[in-house]
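# What the coordinates show
The primary structure of each chain is shown beneath.
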Amino acid sequence: MTTTIAGIKIPDSALARATTEYIRDIESDLLYHHSRRVFLFGALSGERQQLAYDPELLYVGAMFHDLGLVEGHRSDDERFEVDGANAAAAFLKPYELSDDDIEQVWLSIALHTTPGVPKHLRPTVALVTAGVEMDVLGMDYAAFTTVQREAVVHAHPRGEGFKECIICAFADGLRHRPQTTFGNVKTDVLKDQMPGFKPMNFVEVIRQSPWIS
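Residues numbered from 1 in each chain as written. Predicted model: local features only at pLDDT ≥ 70, side-chain atom pairs only at ≥ 80, totals over all residues. Heavy atoms only, no water.

## Section: the overall build of the protein
- On a plain count of helices and strands, the protein comes out with ten helices and two strands.
- Relative to a compact globule of 213 residues, whose C-alpha radius of gyration would be 17 Å, the protein shows 18 Å and is just as compact.
- Dimensions of the protein, computed from C-alpha atoms along their principal axes, come out at roughly 65 × 40 × 35 Å.
- Among the 213 residues that make up the protein, the fraction classed as buried is 45%.
- Taking contacts inside the protein between residues at least 6 apart in sequence as the whole, the part at least 24 apart equals 65%.
- Put simply, the protein has 20 plus and 30 minus side-chain charges, and the middle of one group is 5 Å from the middle of the other. (Helix = DSSP H or I, 4+ residues; strand = E, 2+ residues; numbered from the N terminus. Rg over C-alpha atoms; globule rule 2.2 N^0.38 Å. Buried < 20%, exposed > 50% of the residue type's maximum accessible area, 1.4 Å probe, protein only. Contact = heavy atoms within 4.5 Å. Lys, Arg positive; Asp, Glu negative; His and termini not counted. Charge placed at Lys NZ, Arg CZ, Asp CG, Glu CD.)

## Brief notes about the pattern of salt bridges
- Enumeration according to the criterion identifies nine salt bridges in this entry.
- For Asp29, the salt bridge identified is with Arg24, shortest N-O distance 3.0 Å.
- Residue classification places Arg24 among the partly exposed residues on the basis of a relative accessible area of 31%.
- Put simply, Glu204 and Lys198 hold a salt bridge, and the shortest N to O gap is 3.7 Å.
- You can call Lys198 exposed: its relative accessible area is 61%.
- One salt-bridge network, held together by shared partners, links Arg37, Asp135 and Arg158. (Salt bridge = Lys/Arg side-chain N within 4 Å of Asp/Glu carboxyl O.)

## Here's the deal with the side chain of Ser75
- Among the structural elements, Ser75 can be located in the loop between α3 (55–64) and α4 (80–92).
- Note on Ser75: relative accessible area 19%, which makes it buried.
- A distance of 3.0 Å separates a polar side-chain atom of Ser75 from the backbone nitrogen of Glu78.
- Leaving out residues up to four positions away in the same chain, Ser75 has contacts with Asp83, His176 and Arg177. (Polar contact = N/O pair within 3.5 Å; in protein donor to acceptor, adjacent residues only side chain to side chain.)

## With respect to the nonpolar core
- Ile8, Phe39, Leu40, Leu58, Phe64, Leu92 and Val105 are the most contacted members of the largest nonpolar core, which has 54 residues in total.
- At the level of elements, α1 (14–26), α2 (29–49), α3, α4, α5 (99–110), α6 (123–137), α8 (162–174) and α9 (186–193) are the ones that each hand at least two residues to this core.
- Here the element with the most residues in this core is α2; it accounts for eight residues.
- Once you skip the residues sitting within four places of it in the chain, Ile8 turns out to touch Thr3, Phe39, Leu40, Ala43, Leu44, Glu47 and Tyr53. (Core = buried A, V, L, I, M, F, W, Y, C linked by side-chain atoms within 4.5 Å.)

## What to know about the packing of α8 against α9
- Relative to each other, α8 and α9 sit at 95 degrees, their axes nearing to 9 Å. Between α8 and α9, the crossing angle belongs to the class labelled roughly perpendicular. Across from Ile167, Cys168, Phe170, Ala171 and Leu174 in α8, the residues of α9 making contact are Lys186, Val189, Leu190, Asp192 and Gln193.
- For the contact of α8 with α9, the per-class residue count stands at seven nonpolar, one polar and two charged. (Axes fitted to C-alpha atoms, helices over the stretch in contact; angles between N-to-C directions. Parallel < 35°, antiparallel > 145°, perpendicular 65-115°, else oblique. Nonpolar A, V, L, I, M, F, W, Y, C, P; charged D, E, K, R; others polar.)

## Describing the side chain of Thr129
- When you line up the elements, Thr129 lands in helix α6.
- Here Thr129 is in contact with Leu111, His112 and Pro118, once residues within four sequence places are set aside.

Treat this as a map of the structure, not an account of what it does.
What follows is the structure in structure tokens.
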């Protein structure tokens, strides 16, 4: 039976069901419920903007977007967003999606922490970021009705202390590879959570390059 939350139908294809099962088994309750909310808020944003988005691709992007934070699915030298994007692309291969569809999902995950860019790209890419920004940052909070917000959170609770818990989850997935946060909003997470952390500085990188002038 199809589940509908805040007027949004959760995709119920074989791919969507496999995605749900895969992520539910791997991720913590915190990240799983966050990812479902990202899909729902992203889809609601798409409906409000009258965008012609593909719910299945949006669902996969939303569900995989934080997988690169999870032990066993995170590398030592890639951005966590790229780890999640690569995992989603590999997961999608057996389902015979087009290269374009797979690329949309890859980009939706890889760019979800790059402010100002995704909104100019395809709906799958734009709406994963919109969902993340709503759930984590509260961006466009007032554009969602109280009924919509309550329905989403009732189905997938934020729980006590979500704000601090998600910051800790980000830090836990990144503290072993702090260099990957260069030029990324996650630098702020490590500055907050890792005493003594000194991020790379873009200006210093320029001045210390091997060029004479």
